[in-house]
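Next come the chains, spelled out residue by residue.
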Amino acid sequence: MKYLSCLSLLCVALLGGCSRDQGPLREGGLVYCAEGSPEHFNPQRVTSGTTIDIISQQLYDRLLDIDPQSGDLLPALASSWQRSADGRTYEFQLRPDVQFHQTHYFTPSRPLQAADVVFTFNRILQPDHPFHAVGGAVYPYFQSVDWTALVTEVRATGPLTVQFQLSRPDSSFLSNLATDFAAILSAEYAGQLLASGRPAQIDSLPVGTGPFFFREYQKDVLVRFYRHANYWRGEAAMAQLVFDIVPNNARRMAKLLTHECDIIAYPRLAELALITERPDVRVQESTSMNVGFWAFNTRKAPFDNVKVRQALSLAINQRAILQAVYFNQATAARSVLPPTSWAFNPQIPLHEYNPQRARELLAEAGYGNGFNMNIWAMPVQRLYNPNALKMAELLQADLAQIGVNASIVSYEWNAFRRRLSQGEHDSVLIGWAADNADPDNFFRPLLSCAAADSGSNRALWCDPVFDRMINQALLTSDQQQRRSYYLAAQQYLHNELPLVAMAHSQRIQALNSQVEGVSINPYGGIALFQARRVQP
Amino acid sequence: MTIYLLRRLFLLGTVLLGLSIFAFSLGYLFPGEPLQNFSGLRYLDDSTREQLTLAYRLDGSYLQQYLAFIQRLWHGDWGLSLASQQPLLTEIRQVLPATLELTSYALLVSFFVGIPLGILAAIKPDGVIGKAISAIAITGYSLPIFWWGLLLIMVFAVGLGWFPSGGRLGVLYEIPPQTGFMLIDILLSDVSYRQAALQDALRHLLLPTLALATFPTTVMIRFVRDAMLDVWEQSYIKTAKAKGLSRLQVLYRHGLRNALLPVIRQIGLQFSTLITLAMLTEVIFSWPGIGRWLIDSIYQRNFPAIQAGLMIISVLVITVNMLTEILHTFFNPLARKR
């Protein structure tokens, strides 16, 4: 029995010795529980939101930033910039005295210079650049906006001035520079790595100018950053930042409740009600620049017939989907563009649910007796579609009402995407999250002819009229004129319906009530620079 | 004794031989090509393929391939993990100590709690204490660990907030790994927050140790109790009592010595169950040990890792079994003759 009492004594000692909120390091450290491991530490080479959240805003800076409220461009590493009259030359004036990270693997000898910016973008642009092929020469974001065709040259015109030459005027150019992917790397560090024959290290042991510097990464366990003492915006409040990797949703929630995590990404919508009652945690949400949609393979019959597409759209009950799949944590979509975008077209009516009219349209199209089709449901949970399988089941039931017999198909995620780009599907439930505030980011990667060839156009829809509209919108920098093109493009989409937009979901994160200074950025990854702990 | 030891060693050798043959054949039995299963390289270009085929003797007979396989094992070239492309042996060196740490603490608890409680229950088997201990033991014995572990988390971590819900150490503490055993590493480190880190590590240890120790402890209680009752009936105890020794003296000098002998053997027998339970505990408490690593590998179809993990765990279980057997014989001359 004495052992038992020893054990209970031990318990008391453990509990008494340190009540759970007052660890000595907790004051100066923040724990963010992420849903997955970063692929590596270079934003140029990724599109995954998980990786971007962890690395981009923490380790790096960009030439420009996006104001999360208004979507306007703000100066960052570039203190000012000029656009030439023909719209094909941009010159950036860099901020002086911006220090790179001092880490256990690199000590900078000089502050940020034009050479660093030139190095950063030439790595992407020049196929013969010594770092271009590092990591397989894959720069997904820049490839999706056709960066190499747009930018012809990046050069330093002074120690702190950089000039970009474009092949044509492009009003989305500045927005692209402000995305999380356009992080500025250190040319000096790259030079040292090249000299010592370890170029690949540039993406695994990162050096940037951001508010935190890299300390260690244990795969599938954690990522540790320390505060960058010479950060040009001033020191961050937190001395240490740890990304604890917790892929399991329920476990992440449990760790928030036990205060092992200060912030958790993507709490499950169904569990939100559970935590709203607790005083020690709170929930933040913001409508993100994303859209979940149901795309038809317009290269296959009967989906090449606009009447069939309209009938299918009328047959589904969007309100029920918002309720059952998004738990009403989403805005009903009218078109691909979210209402927060400046180019949003409010004239487009809300989605109409009318099975009767759908049956008539099907009969007019010659499918009075219905047909068989498949719905591909993506196997992973994404912000824009938290549960594609459930959505597919709801659609299946709705379609049965108009005599369309739908079967649900799903594959492992990589196989799923590969088969999608090969156009094997009839229809697919998938979505898109924008990388910058520019409306072009919703139209061109999703619905242009070029995207139909490269595979990101899930409807495989290629319409010259639509392509002309979105291309003309890029050639002008007059926002009113651009807007009118985009309004027309949305109206055109509404009539043609290559896809049915379902919802713009809210991005949600839950955090400890003691943590202040963190907000959701609708245009990109989370920024923890201003995070601080306050005593309630 | 020497002959006995030789016999045991021969048996050990035979078992290990069979095991290595099985592990080798897994390279062929797993889906995918043997070359990839053996090397763990995700991308094989033609020149590496040729080089490896030669090195692995894949063009030779199965016997040659097997011998090459054994040689690689011996030289520590266990191949790469398909998922991370890191050497498997390095990964195992990182995760195995965590499992051993957790398992040994659970075993310690089962000794220090199980044996006294078992004796206590045997002193008056029909008394209130004896009955109560037996009841607790049978309850603990029947608890499924995945349910019990989650219950502990629900109550003590999420509900009361006394203990963390998983992991080995709060992530804000940065302890450089040296031995892989967390408590030792903390003591070896020269960080300013050593005391706090130690406390935190103990807090992380408590729930998983409790969950994992439940089964072996209850087994130990029941076993010690039965062994004691058995010994208590022996004539030499009666003789000792008749000699006029006090109850405690009889217990220590004659009872315990003989009753605890089979307990040593029991450790060996329990060890494989304990490792299995440790795997479940690791998954429940996010304990970064070899069990969780192996289960993750199964999810990822990481065949080289499954192969290596199975091999390590089997060798561990067999060796411990054998060692306790030898130890048991060493202390019990009667068993040597059998």
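Residues numbered from 1 in each chain as written. Chains lettered and ligands numbered in written order. Predicted model: local features only at pLDDT ≥ 70, side-chain atom pairs only at ≥ 80, totals over all residues.

The name recorded for chain B in an unreviewed UniProt entry is Peptide ABC transporter, from Alishewanella aestuarii B11. As stated in UniProt under Sequence similarities (unreviewed entry), the record for chain B gives "Belongs to the binding-protein-dependent transport system permease family. OppBC subfamily." (UniProt positions renumbered as here; feature names shortened; annotations may be inferred.)

Going by the annotation in an unreviewed UniProt entry, the name recorded for chain A is ABC transporter substrate-binding protein, with Alishewanella jeotgali KCTC 22429 given as the source organism.

Asks: Is there a simple way to explain the environment of Leu150 of chain A in this structure?
Replies: Residues and elements named next belong to chain A. Its place among the elements puts Leu150 in helix α5 (residues 147-150). According to the C-beta neighbour criterion, Leu150 is buried, with 20 such atoms within 10 Å. It is 10.0 Å that separates the C-alpha atoms of Leu150 and Leu125, two residues lying 25 residues apart in sequence. Not counting residues within four places of it along the chain, the set of residues in contact with Leu150 comprises Leu166, Ser167, Asp170 and Phe173. (Helix = DSSP H or I, 4+ residues; strand = E, 2+ residues; numbered from the N terminus. Buried ≥ 20, exposed ≤ 12 C-beta atoms within 10 Å, placed from the backbone. Contact = placed C-beta atoms within 7 Å.)

Asks: Even after reading the chapter, I still don't get the environment of Ala333 of chain A, so can you show me in this structure?
Replies: All names here are of chain A. For Ala333, the position within the fold is in the loop between β14 (330-332) and α13 (355-364). Overall, Ala333 belongs to the buried group, with 26 C-beta atoms counted inside 10 Å. In this structure, Ala333 is in contact with Val291, Ala501, Met502, Ala503 and His504, ignoring residues within four places of it in sequence.

Asks: Help me understand the UniProt feature "transmembrane region" (unreviewed entry) in chain B, please; the structure alone is not making it clear to me.
Replies: All names here are of chain B. The UniProt record marks residues 9-30, 102-123, 135-163, 205-224, 267-287 and 308-331 with the feature "transmembrane region" (unreviewed entry), using the residue numbering of this structure. What you have in residues 9-30 is 95% helix and 0% strand, and the ends, taken at the C-alpha atoms, are 31 Å apart. The distance from the first to the last C-alpha atom of residues 205-224 is 26 Å, and the span holds 100% helix and 0% strand.

Asks: Whenever I open this one, the domain arrangement of chain A confuses me. Can you help?
Replies: In many analyses, interface size is given as the accessible surface area lost on bringing the parts together. Residue and element names in this part refer to chain A. Under the domain assignment used here, chain A contains domain 1 (21-43 + 53-57 + 210-280 + 513-533), domain 2 (61-202) and domain 3 (290-505). In this structure, domain 1 and domain 3 have C-alpha centres spaced 34 Å apart. Between domain 1 and domain 3, the residue contacts involve five residues of the former and eight residues of the latter. (Domains from an automatic or database assignment.)

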